[in-house]
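Given next are the chains, with one letter for each unit.
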Amino acid sequence: MTVFIIRRLMQSAVVMLVMSMVVFIGVYMIGNPVDILINPEATEDEIREIVRSLGLDQPLWYQYGRFLYNALQGDLGESFVFGSPAIDLIFQRMPATLELASAAMLIAVVLGIPLGMLAGLRPAALTSRGIMAGSILGFSLPTFWIGLMMILFFGVTLNWLPTGGRGDTGELFGIEFSFLTLDGLSHLLLPATNLALFKLALVIRLTRAGTAEVIHQDFIKFARAKGLSKQRILFVHVLKNILIPVITVLGLEFGNIVAFAVVTETVFAWPGMGKLIIDSMEVLDRPIIVAYLIVVVFMFILINLVVDILYSVLDPRVRLREIR
């Protein structure tokens, strides 16, 4: 395992280097933040001074080299707008995004696995057909439209749930969380459900396919012949085997949820990283955009490593040395 982790860390370092170059060059070649940030009545001398203070008067290769040198020391630049380190602003918003993504993934798993198993055990039943039809809707309907309809129905028409913001928060280990208070939990429910719908449909389909395949395997027939209860067969033998592909996919999908929570955070005014990146794009706050993308790439790499290790734990037939 040690050799595998070292090899993956070396690969990750190369990926981070390449992605930092792509992200930096791609972001810094688009637009001119000075045109947005500067006062239209500023003189030429004032404009030159601002450009110099932001380091935008240097060649692109020099700017990237300076960025890479500072990044190795944990400095991803200073926000043009806020005047604060970009990485600090990202970390301030990260707990809100991770809470939203974790809640969405929890909803997808808690509802998706039982529904998928039910659909896989009785594929011809009317209930199973209804579950699969619902999963198609989860894949097909756009997230922003579902979010707006949820706001209109649950927030405006029925007035059951709040439609924006994070609500009251409670502190745990020095970090603010919404799920620790009833008001915060009510604010979390709609955006988390909205973000979970696509992943819920994915979990249902993965679980259904795995259940339909595993239930006819010889070891299941042998377990029945031994007289094991139906509950033990389902929740021990079937569930353990279908969890392998589900966890593999969900591990990668968690990174997608974090990266693409932008739409949900914007629709529900959730103060997370996605909302911050949208606001930064409007004013071309390049350091925050680059820092956000670098953090997301790092999270994807870390999640991939954790998924590979979990995969080998769940399935003893798979050894880490066999994973490339």
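Each chain has its residues counted from 1, running along the sequence as written. For a predicted model such as this one, the threshold for reporting local features is a pLDDT of at least 70, and the threshold for listing and counting side-chain atom pairs is 80 or more; totals across whole chains, interfaces and linings nevertheless cover every residue. The basis for every side-chain value is the complete set of non-hydrogen atoms in the structure, without hydrogens or water.

What about the packing of helix α9 (residues 218–225) against helix α10 (residues 230–259)?
Here is the rule: In this analysis, axes come from line fits to C-alpha atoms, helices being fitted only over the stretch in contact, and the angle between any two N-to-C directions falls in the range 0 to 180 degrees. Starting at the N terminus, helices and strands are each numbered in turn, a helix being any DSSP run of H or I of at least four residues and a strand any DSSP run of E of at least two. Our angle categories are set so that under 35 degrees counts as roughly parallel, over 145 as roughly antiparallel, 65 to 115 as roughly perpendicular, and the remainder as oblique. Two helices cross in a left-handed way if the nearer one is turned anticlockwise from the farther one by less than a right angle. They cross in a right-handed way if the turn is clockwise. The contact definition used throughout considers only heavy atoms, calling two residues in contact when any of these lie within 4.5 Å. For this classification, Asp, Glu, Lys and Arg are treated as charged, while Ala, Val, Leu, Ile, Met, Phe, Trp, Tyr, Cys and Pro are nonpolar and the rest, including Gly, are polar.
α10 packs onto α9 with a crossing angle of 170° between their chain directions and a minimal axis gap of 11 Å. With respect to α10, the axis of α9 lies roughly antiparallel. Judged by the sense of rotation from one axis to the other, the crossing of α9 with α10 is right-handed. In this structure, α9 uses Phe219, Ile220, Ala223 and Arg224 to contact α10, whose residues at the interface are Ile233, His237, Val238 and Asn241. Classifying every residue of the contact of α9 with α10 gives five nonpolar, two polar and one charged.

Thoughts on the nonpolar core
Note the cut-off: Within this scheme, the nonpolar core is defined by two criteria: the residues are buried Ala, Val, Leu, Ile, Met, Phe, Trp, Tyr or Cys, and they are joined through side-chain atoms within 4.5 Å. Note on exposure labels: buried denotes an accessible area under 20% of the residue type's maximum, exposed denotes more than 50%, and partly exposed covers the range between, all computed with a 1.4 Å probe on protein chains only.
Ranked by size, the top nonpolar core spans 60 residues in total, and within it Phe67, Ile90, Met117, Val238, Val290 and Tyr292 carry the most contacts. Top contributing element to this core by residue count: helix α5 (residues 86–121), with 15 residues. Setting aside residues no more than four positions away along its own chain, Val238 makes contact with Met117, Thr211, Val214, Ile215, Ile220 and Ile233. In this structure, Ile146, Met150, Ile151 and Leu190 belong to the second largest nonpolar core, which totals six residues.

A closer look at the environment of Ala192
Positionally, Ala192 belongs in helix α8 (residues 182–214). Counting along the chain gives 72 residues from Ala192 to Thr264, while the straight-line C-alpha distance between them is 8.4 Å. The contact partners of Ala192, leaving out residues within four places of it in the chain, are Leu100, Ala103, Ala104 and Ile107.

Here we look at α10
Quick note on the threshold: Working rule for helices: expected span equals 1.5 Å times residues minus one. Given a residue, its bend is the angle between the two axes fitted to the seven residues that end at it and to the seven that start from it.
Here α10 spans 40 Å end to end across 30 residues, near enough to the 44 Å set by a 1.5 Å rise per residue. Helix geometry: α10 is bent most strongly at Leu239, by close to 45°.

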